[in-house]
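Observations on the model geometry
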Amino acid sequence: MSSADTPTPPTPPTSKQSESPDRREARDSSLNEVALSAKGLVCRRGVGSEVFELRVDELDLYAGEALVILGPNGAGKSTLLRALAGLERSANRRSIRGGAGPVTLVFQRPAALSGSAEFNVRAALLSKRMPKAERRERVADALARFDIAPLAKHDARTLSGGELRRLALARAFVLEPKVLLLDEPFDDLDAEGQRILSFDLQRAIADTKVAVAMVTHDLRRALLLADRIAVLADGELVQHGLCDDVLLRPDSPEIARTVGMINLASGRVRRRAEGVSWIEIEEGFEVPTATDLEVGSEAWIGIRPEHLKLDVGRGDGQSIGKAVVESLASDGLATVVTLRVRDHRFTTHLLSGRGLARRLRPGDPVSLAVRPDQVHARPTAPSRTHS
């Protein structure tokens with residue numbers, strides 16, 4: 001299989017792939033230093049049949065690391081942020097514990113005070129007793145960190161949405177927080193604004209060793225920063241852990257969809273040979289996985305789009321059968337290819353303007369291939385033997 005034909009530019013990068021050496025060193029040096037901890041957290045909102053309850057048994061934020069909180073609308077993501085910030089009145093007392101240092105929350109829609117951008121940042125320090133020289137230095141550093149020093153004298157109320165978001169981050173960092181909580185930090189930013197802000201945040205985390213928890217719907221952009229992922233569903237923390245562990249080994253199909261593992265199917269294990277279990281998704285269509293599964297048991301599989309290959313006969317992966325191209329959509333960088341395999345729909349990614357992305361058309365037949373170690377599989381029922 002040609003790597004030129006099956007690259008994966010739209011793939012959300014894992015933390016190991018995306019982090020800089022400086023950021024990795026900062027993260028490693030602060031390993032296991034818990035900056036904020038939630039234990040036995042319960043939040044209840046509403047009355048009667050409209051009650052929403054958030055339950056988090058245990059969740060830690062680590063210095064120098066970024067935790068990305070994912071989940072569908074209404075899962076409790078923003079409620080969790082408010083609870084971590086100490087702003088959720090319904091949260092049970094003593095469930096949030098942290099070390100010394102401020103916890104700062106940047107809201108999804110940051111507001112500006114009347115006055116200049118510089119005044120807005122300086123205002124965050126009004127309750128802090130410190131020499132004027134130190135105050136001036138911290139304000140200047142915060143403005144420079146997020147590249148809004150040239151706007152220091154501008155009326156903050158005239159700033160654009162992206163500039164206002166940078167101002168809110170500068171206002172947060174001037175406090176030298178130990179924990180920074182971000183609610184949709186990339187909302188309303190264009191692609192270039194998102195790119196620049198993500199790299200500025202990377203540098204800020206590496207420089208200050210701040211612990212970050214972030215809620216966002218932009219999975220790909222958030223994972224440029226993520227060291228850990230927490231997934232919420234219906235008010236429960238259903239999975240959390242290191243970035244790659246959650247991305248590549250989700251505990252359920254619902255979690256898999258949330259973290260971008262959208263190629264999902266279920267079937268029965270038909271055979272096992274040479275360390276590979278073969279799961280029959282439909283009659284005559286089997287998918288291999290390196291997961292050790294009992295023959296005859298039922299299982300579900302998940303394949304990330306970047307791991308589903310279009311087989312052009314060059315041996316990269318195990319051939320699994322034929323599909324038909326249903327649609328192609330390109331954003332100029334990546335082409336998302338939707339494929340039909342009988343009653344199942346799958347997705348893969350190609351590099352736009354090259355190789356197969358230029359030649360394929362809806363209705364074209366293609367062959368699919370996967371590597372067994374890149375097919376995630378879990379039992380869907382207790383293992384049992386069929387005669």
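Residues numbered from 1 in each chain as written. Predicted model: local features only at pLDDT ≥ 70, side-chain atom pairs only at ≥ 80, totals over all residues. Heavy atoms only, no water.

Once that is clear, we can look at the environment of Leu36. Secondary-structure assignment places Leu36 in strand E1 (residues 34-45). C-alpha of Leu36 to C-alpha of Tyr62: the two residues are 26 residues apart in sequence and 7.1 Å apart in space. Leaving out residues up to four positions away in the same chain, Leu36 has contacts with Leu59, Asp60, Leu61, Leu84, Ile96, Arg97, Gly98, Val103 and Val179. (Helix = DSSP H or I, 4+ residues; strand = E, 2+ residues; numbered from the N terminus. Contact = heavy atoms within 4.5 Å.)

Time to look at helix H3 (residues 77-84). Burial analysis of H3 places six of its eight residues in the buried class, the great majority of the element. Along H3, the residues classified as buried are Lys77, Thr79, Leu80, Leu81, Ala83 and Leu84. (Buried < 20%, exposed > 50% of the residue type's maximum accessible area, 1.4 Å probe, protein only.)

Before going further, it helps to spend a moment on the sheet that holds strand E12 (residues 285-289). Spatial ordering of the open sheet is given by E12-E11-E10-E13-E19, a layout of five strands whose pairing is antiparallel. Every other strand in the sheet has two partners, leaving E12 and strand E19 (376-379) as the edge strands with one partner each. Each neighbouring strand pair of the sheet contributes to a mean axis angle of 40°, computed without reference to strand direction. Alignment of strand E11 (residues 276-282) against E12, held across five bridges, turns out to be antiparallel. By the bridge assignment, Trp278 is partnered in E12 with Pro288. (Pairing = 2+ DSSP bridges. Axes fitted to C-alpha atoms, helices over the stretch in contact; angles between N-to-C directions.)

On average, residues of the chain score 87 in pLDDT, and 88% of them are at 70 or above. In this model residues 1-27 is a low-confidence stretch, pLDDT under 50, and it forms 76 contacts with partners more than four residues away in sequence or in other chains. Under a pLDDT of 50 for its full length, residues 383-387 has, in the predicted model, eleven contacts with residues more than four places off or in other chains. (pLDDT = per-residue confidence, 0-100.)

It is worth spelling out the pattern of salt bridges at this point. Here the structure, examined in full by the defined rule, presents 26 salt bridges. Of the charged contacts in the structure, one is a salt bridge between Arg203 and Asp200, with a shortest N-O distance of 2.2 Å. Taken together, the residues Arg203 and Asp200, both in helix H7 (residues 191-208) and three residues apart, mark about one turn of the helix. The class for Asp200 is buried, based on a relative accessible area of 5%. One continuous salt-bridge network, built from bridges that share partners, spans Arg44, Glu53 and Arg55. (Salt bridge = Lys/Arg side-chain N within 4 Å of Asp/Glu carboxyl O.)

Spatial ordering of the open sheet is given by E14-E18-E15-E16-E17, a layout of five strands whose pairing is antiparallel. Of all strands in the sheet, those with a lone pairing partner are strand E14 (309-310) and strand E17 (344-351), marking the two edges. Two elements, strand E16 (residues 334-341) and E17, share eight bridges in a ladder whose sense is antiparallel. Paired with Val341 across the bridge in E17 is His344.

This part takes up unusual backbone geometry. In this model, Glu184 sits at a positive phi of 50°, which is unusual for a non-glycine residue. Among the structural elements, Glu184 can be located in the loop between strand E6 (179-183) and H7. In this model, Asp234 sits at a positive phi of 55°, which is unusual for a non-glycine residue. On the secondary structure map, Asp234 appears in the loop between strand E8 (228-233) and strand E9 (236-242). Note on Asp234: relative accessible area 69%, which makes it exposed.

This paragraph deals with the environment of Gly64. Mapped onto the fold, Gly64 is located in the loop between strand E2 (52-62) and strand E3 (66-70). On the accessibility criterion, Gly64 (1% relative accessible area) is buried. When the C-alpha positions of Gly64 and Ala35 are compared, they lie 9.2 Å apart, and in sequence the two are 29 residues distant.

Turning next to the side chain of Glu306. Looking at where Glu306 falls in the secondary structure, it is placed in the loop between strand E13 (298-303) and E14. A distance of 2.6 Å separates the side chain of Glu306 from the side chain of Arg304, its partner in a polar contact. (Polar contact = N/O pair within 3.5 Å; in protein donor to acceptor, adjacent residues only side chain to side chain.)

The final tally for this structure, using the stated rule, is one aromatic pair. Ring plane angle 45° and centroid distance 5.3 Å describe the contact between Phe146 and Phe173, whose orientation is recorded as tilted. Pair noted here: Phe146 is in the loop between helix H5 (132-145) and helix H6 (161-173) and Phe173 is in helix H6, with a separation of 27 residues, a long-range link. Take Phe146 and Phe173: they sit in the same class, and that class is buried. A cation over a ring is seen here: Arg271 above Trp278, with NZ or CZ 4.4 Å from the ring centre. (Phe/Tyr/Trp six-rings, centres within 6.5 Å; stacked < 30°, edge-to-face > 60°. Lys NZ or Arg CZ within 6 Å of the ring centre and 35° of its normal.)

For the rest of this paragraph, the subject is the pairing of E2. The sheet contact formed by E1 and E2 spans ten bridges and is antiparallel. If you follow Cys43 over to E2, its bridge partner there is Leu54. Here E1 hands over to E2 after six residues, with Gly46 in that stretch at a positive phi of 90°.

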